[in-house]
Amino acid sequence: MTPNAKPLLRALAGEALPTPPVWLMRQAGRYLPEYRATREKAGSFLDLCYNPELATEVTLQPIQRFGFDAAILFADILLVPQALGADVTFVQGEGPRLSTVTSPEDLARLGPVDAIHDTLSPVYETVSRLSTALPSDVTLIGFAGAPWTVATYMIAGRGTPSQEPARRLLMQQPEVFFALLDKITDATIEYLSRQVEAGAEVVKLFDSWAGSLSAPDFGPVCLEPNRRIISELKSRYPNLPVIAFPRGAGGAYERFVAESGADCVGLDQHVPLDWARERLQPKICVQGNLDPMLMVEGGEKLDRAAKTICETLGDGPFVFNLGHGITPDADPANVERLLRAVRG
Ligand SMILES: Cc1c2[nH]c(c1CCC(=O)O)Cc1[nH]c(c(CCC(=O)O)c1C)Cc1[nH]c(c(CCC(=O)O)c1C)Cc1[nH]c(c(C)c1CCC(=O)O)C2
């Protein structure tokens, strides 16, 4: 097989394929009964993330069931805060809880970046197992949270509707805020480098809360850390494709595409397709952007929406995905329906 024969790698290299590669954010998750069974066996969600055997199993489940073109490492963006010394727990039905970083003292209590591997080594072991277990045409994606999104959880200690605690720290104590952002950026570079060394073929940065930043803050807080991570990774691994996902960036997607250095940009479901085709796709591979609610709804609405996306973006480099993660109430039968609509 030639190095770029895998469909996802071809699209990320700028090729327009007759049938786009397809995978779904959160494709290993609670909407699958086999995921729920393995998670039960693991104990907690974090135990599952740090168990290479079971994390490999759940990563492979959606590949075995649906035949996606890519597998995404099963882990979580909040493992990096934990590896930096934050307390992290997942409360059933409520989401993550973390110890908070809101002062120079909190910041000083975090551990050094080079100590993260003590905690994260099981993740590298999962990547390594996956790189040998996957079918030869399936691409392995490693990932991390982008620094701003990770910082929002570290500052607030939980998920928040509009990331107010983090935006307040940025306004009131910019030195503390940017020192934290820098530390997360450094840790993310080392974390993703280890994933690549272990066999990840592509990495993705999830900036899920990019959309809550003001226009003046978008550059220094979202774009700059993404750019620094991508530039450092590319200097270490010149052929590594990077997908970035500044979710909710709106008009700032254009600047992000021009300046981040990413090979592909993930589009949320709010990005108008014609605009993406005209303004973004000439410069970069685009990925997205079906409304995840259609995976619950199904039916002809799903078929039509999927076809519209393929028709609008299919003439350029394009990866089919959702605009955000598949939700626990999605019907697995709708994933099969979606694949028929996309692949014909
Ligand atoms: C913000 C964020 C997180 N985690 C992630 C993000 C960025 C993407 C996004 O915006 O969705 C990324 C993530 N989380 C998970 C993956 C695994 C790979 C995949 O299949 O996409 C990935 C790539 C597993 C997970 N991460 C989580 C689950 C559900 C945990 C469970 O099994 O109970 C999974 C499968 C938990 C999680 N993890 C996080 C939250 C807020 C929650 C709780 C909310 C929820 O329960 O959905 C943080």
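As the structure is a computational prediction, the values presented were derived from the model and not from experiment.

**Some remarks on the packing of aromatic side chains**
Then, in step 1: Applying the stated criterion across every chain yields a total of 11 aromatic pairs.
Then, in step 2: Relative to Y191, the ring of Y124 has its centre 6.1 Å away and its plane inclined at 50°; by these criteria the two rings are tilted. Taken together, the positions of Y124 in helix 7 (residues 116-133) and Y191 in helix 10 (residues 174-198) put the pair 67 residues apart, joining distant regions of the chain. Residues Y124 and Y191 agree in their burial class; the two are buried.
Then, in step 3: An angle of 65° between the planes, with centres 6.4 Å apart, marks the rings of F218 and F256 as edge-to-face. With F218 in helix 11 (residues 215-236) and F256 in helix 12 (residues 253-259), this residue pair connects regions lying 38 residues apart in the sequence. Note on accessibility: F218 and F256 belong to one class, buried.
Then, in step 4: By way of ring pairs, the aromatic residues Y35, F45, F74 and F90 are connected into one cluster.
Then, in step 5: Lying over the aromatic face of F245, K204 brings its terminal NZ or CZ to 4.7 Å of the ring centre.
Then, in step 6: Over the aromatic face of W209 sits the side chain of R247, whose NZ or CZ is 5.0 Å from the ring centroid.

**Things to note about the UniProt feature "domain: Uroporphyrinogen decarboxylase (URO-D)" (unreviewed entry) in the protein**
Then, in step 1: Residues annotated in UniProt with the feature "domain: Uroporphyrinogen decarboxylase (URO-D)" (unreviewed entry) correspond here to residues 21-30 and 141-157.
Then, in step 2: Annotated as residues 21-30, this span is 0% helix and 0% strand, and its ends, taken at the C-alpha atoms, are 23 Å apart.
Then, in step 3: A distance of 27 Å separates the end C-alpha atoms of residues 141-157, which is 59% helix and 29% strand.

**So, the side chain of N226**
Then, in step 1: Looking at the element boundaries, N226 is found in helix 11.
Then, in step 2: On the accessibility criterion, N226 (0% relative accessible area) is buried.
Then, in step 3: Residues contacting N226, with those up to four places away along its chain left out, are A146, L205, D207, A244, F256 and S260.

**Focus: helix 2 (residues 33-42)**
Then, in step 1: Within helix 2, burial applies to Y35, T38, R39 and A42. Viewed along the axis of helix 2, the buried residues span an arc of 100°, placing them on a single side of the element. The exposed residues of helix 2 that point more than 90 degrees off its buried face are E40 and K41.
Then, in step 2: Close packing links the buried residues of helix 2 with helix 3 (45-49) and helix 4 (52-66).
Then, in step 3: At the exit of helix 2 stands G43, carrying a positive phi of roughly 100°.

**As for helix 8 (residues 147-156)**
Helical geometry: 3.6 residues make up each α-helical turn, so side chains three or four residues apart lie on a common side.
Then, in step 1: Of all 10 residues that make up helix 8, 10 are buried, and the element is covered over most of its length.
Then, in step 2: Among the residues making up helix 8, those that are buried are P147, W148, T149, V150, A151, T152, Y153, M154, I155 and A156.

**Digging into the site of the ligand**
Then, in step 1: With respect to spatial proximity, 21 residues lie near the ligand, and among them Y35, R39, D76, S208 and H324 are the closest.
Then, in step 2: One of the side-chain N or O atoms of R30 is found 2.7 Å from an oxygen atom in the ligand.
Then, in step 3: D76 places a polar side-chain atom, nitrogen or oxygen, 2.7 Å from a nitrogen atom of the ligand.
Then, in step 4: Considered on its own, the ligand offers 870 Å² of accessible surface; in the complex 88% of this is hidden by protein.
Then, in step 5: Of the residues belonging to the shell around the ligand, the class tally is 14 nonpolar, 3 polar and 4 charged.

**Some words on the pairing of strand 6 (residues 242-246)**
Then, in step 1: Here strand 6 lies mainly inside the structure; 5 of its 5 residues are buried.
Then, in step 2: Burial of the side chains of strand 6 extends over both faces: V242, A244 and P246 are buried on one face and I243 and F245 on the other.
Then, in step 3: In this region the chain leaves strand 5 (residues 202-207), passes through helix 11 and returns to the parallel neighbour strand 6; the handedness of that crossover is right-handed.
Then, in step 4: Between the parallel pair strand 6 and strand 7 (residues 264-266), the chain is carried across by helix 12, and the sense of this crossover is right-handed.

**Regarding the UniProt feature "site: Transition state stabilizer" (unreviewed entry) in the protein**
Then, in step 1: UniProt tags D76 as "site: Transition state stabilizer" (unreviewed entry).
Then, in step 2: Looking at where D76 falls in the secondary structure, it is placed in the loop between strand 1 (70-72) and helix 5 (79-83).
Then, in step 3: Among the residues examined, D76 registers a relative accessible area of 12% and is labelled buried.
Then, in step 4: The residues touching D76, leaving out its near neighbours within four places in the chain, are F45, C49, F90 and F143.

**Observations concerning unusual backbone geometry**
Then, in step 1: That bond from G288 to N289 is cis: its omega, -25°, falls within 30 degrees of zero.
Then, in step 2: As for its position among the elements, N289 is in strand 8 (residues 285-290).
Then, in step 3: For R26, which is not glycine, the phi dihedral falls at a positive 65°.
Then, in step 4: Among the secondary structure elements, R26 is positioned in the loop between helix 1 (7-12) and helix 2.
Then, in step 5: What makes R26 exposed here is its relative accessible area of 54%.
Then, in step 6: Backbone geometry places Q163, a non-glycine residue, at a positive phi of 55°.
Then, in step 7: Tracing the backbone shows Q163 in the loop between helix 8 and helix 9 (164-172).
Then, in step 8: For Q163, a relative accessible area of 2% translates into the label buried.

The rules we used
- Residues numbered from 1 in each chain as written.
- Predicted model: local features only at pLDDT ≥ 70, side-chain atom pairs only at ≥ 80, totals over all residues.
- Heavy atoms only, no water.
- Phe/Tyr/Trp six-rings, centres within 6.5 Å; stacked < 30°, edge-to-face > 60°.
- Helix = DSSP H or I, 4+ residues; strand = E, 2+ residues; numbered from the N terminus.
- Buried < 20%, exposed > 50% of the residue type's maximum accessible area, 1.4 Å probe, protein only.
- Lys NZ or Arg CZ within 6 Å of the ring centre and 35° of its normal.
- UniProt positions renumbered as here; feature names shortened; annotations may be inferred.
- Contact = heavy atoms within 4.5 Å.
- Arc of directions from axis to C-beta.
- Near = heavy atom within 4 Å.
- Polar contact = N/O pair within 3.5 Å; in protein donor to acceptor, adjacent residues only side chain to side chain.
- Areas by Shrake-Rupley, 256 points an atom, 1.4 Å probe, with all protein chains shown as cover.
- Nonpolar A, V, L, I, M, F, W, Y, C, P; charged D, E, K, R; others polar.
- Right-handed = clockwise from strand over helix to strand, strands pointing away.

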